[in-house]
Amino acid sequence: MAKPRSEALYAEALQHIVGGVNSPSRSFKAVGGGSPVFMKRGQGAHFWDEDGNRYIDYLAAYGPIILGHAHPHVTEAICRAAENGTLYGTPTELEIQFAKMIKEATPSLDKVRFVNSGTEAVMTTIRVARAYTNRNKIIKFAGCYHGHSDLVLVAAGSGPSTLGIPDSAGIPMSIANEVITVPYNDLEALQAALERWGDDVAAVMVEPIVGNFGMVMPKPGFLEGLCAAARSNGSLVIYDEVITAFRFHYGAAQTFDGIQAPSLSAIQPDLTAIGKIIGGGLPIGGYGGRKHIMEQVAPLGPAYQAGTMAGNPASISAGIACLQALQEPGLYNRLDALTANLAEGLAAAAREHGIALTINRIRGALSTHFCDHPVTNYAEAQDTDGEQFALFFRLMLEQGICLAPSKYEAWFVTAAHTEEDIATTVAAAKRAFAVIAQR
Ligand code: PMP
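All values reported here derive from a predicted model rather than from experimental measurement.

Here is what the cut-offs are and how they apply
- Residues numbered from 1 in each chain as written.
- Predicted model: local features only at pLDDT ≥ 70, side-chain atom pairs only at ≥ 80, totals over all residues.
- Helix = DSSP H or I, 4+ residues; strand = E, 2+ residues; numbered from the N terminus.
- Buried ≥ 20, exposed ≤ 12 C-beta atoms within 10 Å, placed from the backbone.
- Contact = placed C-beta atoms within 7 Å.
- Near = placed C-beta within 6 Å.
- Nonpolar A, V, L, I, M, F, W, Y, C, P; charged D, E, K, R; others polar.
- pLDDT = per-residue confidence, 0-100.
- Pairing = 2+ DSSP bridges.
- Axes fitted to C-alpha atoms, helices over the stretch in contact; angles between N-to-C directions.
- UniProt positions renumbered as here; feature names shortened; annotations may be inferred.
- Domains from an automatic or database assignment.

Once that is clear, we can look at the overall build of the chain. Secondary structure summary: the chain contains 14 helices and 14 strands in total. Projecting the C-alpha coordinates of the chain onto the three principal axes gives extents of approximately 60 × 55 × 45 Å. Out of the 439 residues in the chain, the part that is buried amounts to 53%. For the chain, the proportion of contacts with a sequence separation of at least 24, taken over those separated by at least 6, is 75%.

What follows concerns the site of the ligand. The immediate surroundings of the ligand are formed by 17 residues, with Ser117, Gly118, Thr119, Gly147 and Val242 found nearest. Considering every element that reaches the shell around the ligand, the biggest residue donor is helix H4 (residues 118–133), with three residues. Considered class by class, the residues forming the shell around the ligand number five nonpolar, ten polar and two charged.

Here we take up the confidence of the model for the chain. Summing up the model confidence of the chain, the mean pLDDT is 97 and the portion of residues at 70 or higher is 100%. Two numbers describe this predicted complex: its pTM, 0.98, and its ipTM, 0.99.

Attention now goes to the sheet that holds strand E12 (residues 365–369). Overall, antiparallel pairing links the three strands, which are arranged E11-E12-E14 in an open sheet. Looking along the sheet, the strands with just one partner apiece sit at the ends: strand E11 (358–362) and strand E14 (411–412). Bridge count between E12 and E14: two bridges; the pairing is antiparallel. Within E14, the position partnered with Ala365 by the bridge is Phe412. Lying over the sheet, helix H11 (residues 331–352) contacts E11 and E12, oriented at roughly 175° with respect to E11.

Right, let's talk about the UniProt feature "modified residue: N6-(pyridoxal phosphate)lysine" (unreviewed entry) in the chain for a bit. In this structure's numbering, the residues bearing the UniProt feature "modified residue: N6-(pyridoxal phosphate)lysine" (unreviewed entry) are Lys276. With respect to the helices and strands, Lys276 occurs in the loop between strand E9 (271–275) and strand E10 (285–289). By C-beta crowding, Lys276 is classed as buried, having 27 other C-beta atoms within 10 Å. Ignoring anything within four residues of it in the chain, the contact list for Lys276 reads Gly63, Pro64, Gly118, Val242 and Ile243.

All right, on to the sheet that holds strand E6 (residues 179–182) then. Read across the sheet, seven strands follow the order E4-E10-E9-E8-E7-E5-E6 without closing on themselves; strand pairing throughout is mixed. Both edges of this open sheet fall to strand E4 (111–115) and E6, since each of them pairs with a single strand only. Strand-to-strand, the axes of this sheet are offset by a mean angle of 20°, without reference to chain direction. Two elements, strand E5 (residues 137–141) and strand E7 (residues 201–206), share three bridges in a ladder whose sense is parallel. Bridge pairing in E7 links Lys137 to Val201. Running over the sheet, H4 touches E4, E5, E7, strand E8 (236–241), E9 and E10 and is turned about 170° from E9.

Splitting the chain by domain gives domain 1 (4–70 + 331–438) and domain 2 (72–326). Taking the mean C-alpha position of each, domain 1 and domain 2 sit 25 Å from one another. Between domain 1 and domain 2, the contact holds 31 residues from the first and 36 residues from the second. Put simply, the parts of the chain that give the side of domain 1 that touches domain 2 at least two residues each are H11, E11, E12 and helix H12 (378–382). Partitioned by chemical class, the residues of the side of domain 1 that touches domain 2 number 19 nonpolar, eight polar and four charged.

Here you go:
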């Protein structure tokens, strides 16, 4: 596929935008460098680039586009909102409607607040937890990504790991010292950390199902043990559900019965951060939790958080429309079935060509790991063949299949994908594995 216009645009972008991209995970640095593809249009499960090439999209904008691009119900809601003015700086009735929808689907949220990104949402849950507990330290899990606020850019997965900078520069030691990192799915390590730092720990923060070093399920009992250990230490539990909310079913992962726990009530967090899907493709984030904890937030309490753009009618309207569309009966089962076919097709194609490939699939999301061992934590996700992934990524792109340019990112199937898209993708993967097997 020739991409002269993408290449020319990239050269121009480099003159004006740092690294040519407005988010580092869009760069092709980790997959051999060169120009990323400049997309011009998205419709349903497909993208068209500036050179007129068509792609099947599994990036889904790193998660939000679960309905596919330009879904008519969402588009109409955005247009209607724009006609009425996109930003008032006052409360609106729409925000109440949306808050009720989010709360109904996520019972641990007594009170919510909308912000503009997942980063803001997570950052604020940490501030609220610190204000509530009057403690400073946070325990997080290696390879989980929680946005780019200072505290959580330590052992961060996703983009930072992809680019080899899991511990970002520019973060004072005094802040990094407030973060304790333990391996995901390792309750003993968590307990040891809690014993060591005890009543300094404000919160344990976790992606209840990981989406940032591939898709990784909590082992049976992990979340339950995490919640129990944190609480017996007087620490809060924060779930980062920026990727997982509305990803696997209509609600957050904390109410997803695919998580093996004795009861879902045993794994409910105190605070939750959400984002991505709930904005229907416009900028959004949100956080919420138990009433008495959320009452720390201004104007009720002393923990400050604000936003000029927060709760803007365009994002909220897109979010309401997206959640309405996600209520279509059978939608999540369709995503599940399509993704199961994709995973089976990829696995069979890899086997046929003798390529070691571990596929982690959870409903409509999967991750591919070039290795012959399971991937249940960050160390196992790191211990995979990045060069093979980079070659696979490029061979797929050349055949019109758009994946994230990172071995740590998930593939997202959208409601707009069809069996034909899946078959085309599997056929492309077969050809790619044949090439990789020759190396
Ligand atoms: N938390 C998680 C789990 C995420 O995956 C992300 C983004 N990939 C964020 C937080 C940050 O969200 P945003 O990019 O909207 O700031």
